[in-house]
Amino acid sequence: MDENGEVSIYTCCPTVYKDATIGNMKSFIFMDTLRRVLKYNGYNLKHVMNITDVGHLVSDADDGEDKIVEAAKAEKKTPLEIAEIYTEKFIKDLERLNIDKPEIICKATEHIAEMQEYVQELLNKGYAYETSTAIYFDVSKLDEYGILSGIDVRNQMAGARVAVDQEKKNPYDFALWIKAPENHIMKWESPWGLCYPGWHIECSAMGRKYLGETFDIHTGGIDLVPTHHENEIAQSKGACRKNSS
């Protein structure tokens, strides 16, 4: 909270490739309750919610097709059309449930430049490295990785196997930026060729753009703690050199 009594919040949104589930909406009902309690107690809110319309792969890791691209092929639409359809449905679901919407709602595809800058910063600071297929975050560079999920990385890495990319330094390293195959639909020009963002980078990039290097509260699906949220913390600590609390 700042000196003006403003609470800063970041909320992870579902990937907009299908109808939201009851489980998805449960986390937004929590978000709504939190907002109402804070406002009732006199706080002002600066609340950001992302729309994941690129980068979330089917495996929830670093391999497989983009979920939106896969849905586009199945429904014979473009990825942009799929994202627009299910973003609109999600917003309507929020309204039907009388959920108080955040002050800022932002799409990943509209923040490609910010994500590229974030990746470059992590490379410059030594927290990332390039392979022939991607830019990876090097989890061994952190004093503590697994702070949120409780993963004991140092004990687990010794016997772990790198299945997706043999060029990865550590099995838990995750993709920040992925080099696009020739037939990949969603891709952008970057210093590393035609690429698309990894799943996690959008939240750190957009969180910093709108809320600064630190903010008060982060909400999202509990099922994403050991993957997405853990990696958000890692890349944010690498870029901003600040500890979690």
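One can find the structure itself at the top, above this paragraph.
Because the structure is a prediction, the values reported are computed rather than measured.

Caption draft 1: Up close: the nonpolar core. Grouped together as the largest cluster of nonpolar side chains are 52 residues, with contacts concentrated most on Phe28, Phe90, Leu94, Leu122, Phe137, Leu176 and Trp177. Those residues within four positions of leucine 176 in sequence are excluded, and the remaining contacts are Val119, Leu122, Ala128, Ile135, Tyr136, Phe137, Pro197, Gly198, Ile201 and Gln235.

Caption draft 2: Layout of the environment of leucine 142. With respect to the element layout, leucine 142 can be found in the loop between strand 5 (134–137) and helix 5 (153–157). With relative accessibility at 7%, the residue leucine 142 sits in the buried group. C-alpha separation for the pair leucine 142 and tyrosine 127, spaced 15 residues apart in sequence, amounts to 8.2 Å.

Caption draft 3: Spatial organisation of the pattern of salt bridges. Taken as a whole, this structure holds 13 salt bridges when the rule is applied. Arginine 35 is the salt-bridge partner of glutamate 103, the closest N and O atoms lying 2.8 Å from each other. Within this pair, whereas glutamate 103 is found in the loop between helix 3 (79–96) and strand 3 (104–107), its partner arginine 35 is found in helix 1 (residues 22–40), the two being separated by 68 residues in sequence. Here arginine 35 falls in the buried class, since its relative accessible area comes to 1%. Between glutamate 130 and lysine 179 there is a salt bridge, with the nearest N and O atoms lying 2.7 Å from each other. In this pair, glutamate 130 sits in strand 4 (residues 128–130) while lysine 179 sits in strand 6 (residues 174–179), placing the two residues 49 residues apart along the sequence. Bridged by salt links that share partners, the residues Arg35, Lys39, Asp100 and Glu103 form one connected network.

Caption draft 4: Inspection of helix 7 (residues 225–240) at higher detail. Restricting attention to buried positions, one finds in helix 7 the residues His228, His229, Glu230, Asn231, Glu232, Ala234, Gln235, Lys237, Gly238, Ala239 and Cys240. The inward-facing, buried residues of helix 7 abut strand 1 (6–11), helix 4 (112–124), strand 5, strand 6, helix 6 (201–211) and strand 8 (217–219). Of the residues trailing helix 7, arginine 241 is marked for its positive phi of about 55°.

Caption draft 5: Unusual backbone geometry, seen in detail. Here the phi dihedral of lysine 76 falls at roughly 55°; this positive angle occurs in a residue that is not glycine. On the secondary structure map, lysine 76 appears in the loop between helix 2 (67–75) and helix 3. Its identity as a non-glycine residue notwithstanding, asparagine 98 has a phi of 55°, on the positive side. Inspection of the secondary structure puts asparagine 98 in the loop between helix 3 and strand 3.

Caption draft 6: Layout of the packing of helix 4 against helix 7. The N-to-C vectors of helix 4 and helix 7 enclose an angle of 65°; their axes lie 9 Å apart at closest approach. One element, helix 4, and the other, helix 7, form an angle in the roughly perpendicular class. Helix-helix and strand crossings are classified by hand; for helix 4 and helix 7 the assignment is left-handed. Contacts between helix 4 and helix 7 involve Tyr118, Glu121 and Leu122 from the former and Gln235, Ser236, Gly238, Ala239 and Cys240 from the latter. Classifying every residue of the contact of helix 4 with helix 7 by side-chain character gives four nonpolar, three polar and one charged.

Caption draft 7: Highlighting the environment of glutamate 230. Examined against the element boundaries, glutamate 230 turns out to sit in helix 7. Given the relative accessible area of 1%, glutamate 230 is considered buried. Spatially, the C-alpha atoms of glutamate 230 and glycine 150 are 9.5 Å apart, while their sequence positions differ by 80 residues. If we skip the residues at most four places from it in the chain, glutamate 230 touches Tyr145, Gly146, Ile147, Leu148, Ser149, Gly150 and Val225. Within the structure, glutamate 230 has its side chain in polar contact with the backbone nitrogen of leucine 148 (distance 3.3 Å).

Cut-offs applied
Residues numbered from 1 in each chain as written. Predicted model: local features only at pLDDT ≥ 70, side-chain atom pairs only at ≥ 80, totals over all residues. Heavy atoms only, no water. Core = buried A, V, L, I, M, F, W, Y, C linked by side-chain atoms within 4.5 Å. Buried < 20%, exposed > 50% of the residue type's maximum accessible area, 1.4 Å probe, protein only. Contact = heavy atoms within 4.5 Å. Helix = DSSP H or I, 4+ residues; strand = E, 2+ residues; numbered from the N terminus. Salt bridge = Lys/Arg side-chain N within 4 Å of Asp/Glu carboxyl O. Axes fitted to C-alpha atoms, helices over the stretch in contact; angles between N-to-C directions. Parallel < 35°, antiparallel > 145°, perpendicular 65-115°, else oblique. Left-handed = near helix turned anticlockwise from the far one by under 90°. Nonpolar A, V, L, I, M, F, W, Y, C, P; charged D, E, K, R; others polar. Polar contact = N/O pair within 3.5 Å; in protein donor to acceptor, adjacent residues only side chain to side chain.

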